[in-house]
Amino acid sequence: MQSLTPSSSGINLKSLIRTKIRSNRVNPIQPVITCVYRFDAANAAVNTGTANTNSAGHAGGSRADWQSSCAILASKVVSQQQNAEKSGGAGNITAVNGHKAAIDLDLVPIDNQPKPLTITDLSPAPMHGAQLRVAYQGVPGAYSEAAAGKAYPKCEAIPCDQFEVAFQAVELWIADRAVLPVENSLGGSIHRNYDLLLRHRLHIVGEVQLPVHHCLLALPGVRKEYLNRVISHPQALAQCELTLTKLGLNVTREAVDDTAGAAEYIASHNLRDTAAIASARAADLYGLQILAEGIQDDSSNVTRFVMLAREPIIPRTDRPFKTSIVFAHDKGTSVLFKVLSAFAFRNISLTKIESRPHRNRPIRLVDDANVGTAKHFEYMFYVDFEASMADVRAQNALAEVQEFTSFLRVLGSYPMDMTPWCPSRED
Ligand SMILES: O=C(O)C(=O)C[C@]1(C(=O)O)C=C[C@@H](O)C=C1
């Protein structure tokens, strides 16, 4: 797997998306793309567009915004190629995604004029080669990067500073897939990603289980006794809570965006009183020494990641599949019991159930006549079950669930990660 840093890619993904978010400053917390079912109370507008459009046209993300992003991408490619030409490249007119990028437009015959870029031109594009571009949250050396490599072994991994940016990178065709953590065997669910799955329109197309083997990292020559602070991702700090105490460290714990980012921060700020909890690969990448290995409180520490794409995959029955759904109801507590029994009666095992408060975010429901109404629900329920949507049992179960619930969405039906994993070092 290749790791693509913003500078080496020539496209600074973070700043590209930040510029976009900044230019949409009216409502900065809104994602660029909003979900079809979401009612945006703040803007008193109903979003009825597809993933890339927003018919309400509010600052959150219009088609024009999306097109301007494509234009930024395209112009970056043109300028890169022009620079290459200036520094000794061929003097010919260069082609970008099959389009002529002429330096002197006046000299180009009319039928050779550049054609507008289309969605197909942008993905997969020659500028990225044939490699799948996979967005993950964190910097190189993060466990999410390792998960991206496990999910798509030859991928070009694209670091993103936030989970939301990874979602947007796929929606804006900057990446082909995102690989994001949803649950850890010690720390539990990563709630943010559950909320984002609902707000965005991406589909779960796979899952990977990654054994997470944490190390305590510090600058070369630093000893444990010198430490008064340990920094890492909040999940990693939680996963090592007991071991840090057992190691006799009298340290404060501080949360940062990701494990490898913590390692990088120590190295770049030359911090001799601070250690990071991160992977052995992060130690290699940022020139830190490993003070202690395997410091997670449970040797079989594993994080489950989901793979996300713009399009769903076709469910099959020739191998074990899992299906993830989210639903909401407003008819009292017995509904949850009925929903769960729809699976129990058909011998379908549930592997996960998660509830998320949802009171302040109305959902837009569309009826058969395509009339939309905004509705408030107390909770959203996320359920994973072991069956494919191609399996008639799953179809019948969901037909029944639909009768009991007011909102139901299939997040994806995808092959289960059956690879055996052991609590040994992965990285
Ligand atoms: O910080 C990282 O390295 C990550 O990839 C994030 C993350 C997480 O969000 O849970 C992933 C796996 C580990 O459980 C710890 C942290």
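What counts, and at which threshold
- Residues numbered from 1 in each chain as written.
- Predicted model: local features only at pLDDT ≥ 70, side-chain atom pairs only at ≥ 80, totals over all residues.
- Heavy atoms only, no water.
- UniProt positions renumbered as here; feature names shortened; annotations may be inferred.
- Helix = DSSP H or I, 4+ residues; strand = E, 2+ residues; numbered from the N terminus.
- Contact = heavy atoms within 4.5 Å.
- Areas by Shrake-Rupley, 256 points an atom, 1.4 Å probe, with all protein chains shown as cover.
- Pairing = 2+ DSSP bridges.
- Axes fitted to C-alpha atoms, helices over the stretch in contact; angles between N-to-C directions.
- Near = heavy atom within 4 Å.
- Polar contact = N/O pair within 3.5 Å; in protein donor to acceptor, adjacent residues only side chain to side chain.
- Nonpolar A, V, L, I, M, F, W, Y, C, P; charged D, E, K, R; others polar.
- Phe/Tyr/Trp six-rings, centres within 6.5 Å; stacked < 30°, edge-to-face > 60°.
- Buried < 20%, exposed > 50% of the residue type's maximum accessible area, 1.4 Å probe, protein only.
- Lys NZ or Arg CZ within 6 Å of the ring centre and 35° of its normal.

As annotated in an unreviewed UniProt entry, the protein carries the name Arogenate dehydratase and is attributed to Solanum pennellii. You can read under Subcellular location (unreviewed entry) in the UniProt record for the protein the words "Plastid, Chloroplast stroma". Of the comments in the UniProt record for the protein, the one headed Catalytic activity (unreviewed entry) reads "L-arogenate + H(+) = L-phenylalanine + CO2 + H2O".

> Teacher, can you tell me more about the overall build of the protein here?
On a plain count of helices and strands, the protein comes out with 13 helices and 22 strands. Counted over contacts in the protein with a minimum sequence separation of 6, partners at least 24 positions apart contribute 74%. Split by element, the accessible area of the protein, about 19,500 Å² in all, is 53% carbon and sulfur.

> What is the right way to look at the UniProt feature "domain: ACT" (unreviewed entry) in the protein in this model?
In the UniProt entry, the feature "domain: ACT" (unreviewed entry) is given for residues 324-415. Across residues 324-415, the secondary structure splits into 26% helix and 40% strand, with the terminal C-alpha atoms separated by 11 Å.

> Before we go on, may I ask you to explain the UniProt feature "domain: Prephenate dehydratase" (unreviewed entry) in the protein in this structure?
Residues annotated in UniProt with the feature "domain: Prephenate dehydratase" (unreviewed entry) correspond here to residues 133-310. Helix makes up 32% of residues 133-310 and strand makes up 33%, while its end C-alpha atoms are separated by 13 Å.

> Help me understand the sheet that holds strand β13 (residues 252-255) in this model?
If you walk across this open sheet you meet the five strands as β13-β12-β14-β11-β15, and the pairing is mixed. Of all the strands in the sheet, the pair left with one neighbour each is β13 and β15 (289-293). Strand-to-strand, the axes of this sheet are offset by a mean angle of 30°, without reference to chain direction. The pairing of strand β11 (residues 215-218) with β15 spans four bridges and is antiparallel.

> Is there a simple way to think about the site of the ligand in this case?
In the vicinity of the ligand there are 13 residues, among which Y143, S144, Q239, T259 and T303 approach most closely. The side chain of S144 places a nitrogen or oxygen atom 2.5 Å from an oxygen atom of the ligand. At 2.8 Å, a side-chain N or O of T303 approaches an oxygen atom of the ligand. Contact with the protein chains covers 100% of the free accessible surface of the ligand, which is 360 Å². Of the residues contributing to the shell around the ligand, the split by class is five nonpolar, seven polar and one charged.

> What is the right way to read the packing of aromatic side chains from this model?
By convention here, two paired aromatic rings are described through the distance between centres and the angle between planes. Taken as a whole and judged by the stated rule, the model has four aromatic pairs. Centre to centre, the rings of Y194 and Y382 are 5.0 Å apart; their planes meet at 75°, and the pair counts as edge-to-face. Of this pair, Y194 sits in helix α7 (residues 191-199) while Y382 is found in strand β21 (residues 379-385), placing the two residues 188 residues apart along the sequence. Like Y382, Y194 is buried. Aromatic pair F343 and F385: ring centres 4.6 Å apart, planes at 35°, arrangement tilted. Here F343, found in helix α12 (residues 334-344), pairs with F385, found in strand β21; they are 42 residues apart in sequence, far enough to count as distant. One exposure class covers both F343 and F385, and it is buried. Taken together, F327, Y379 and F381 form an aromatic cluster joined through their ring pairs. Of note, R310 hangs over the ring of W173, and the distance from its end group to the ring centre comes to 3.6 Å.

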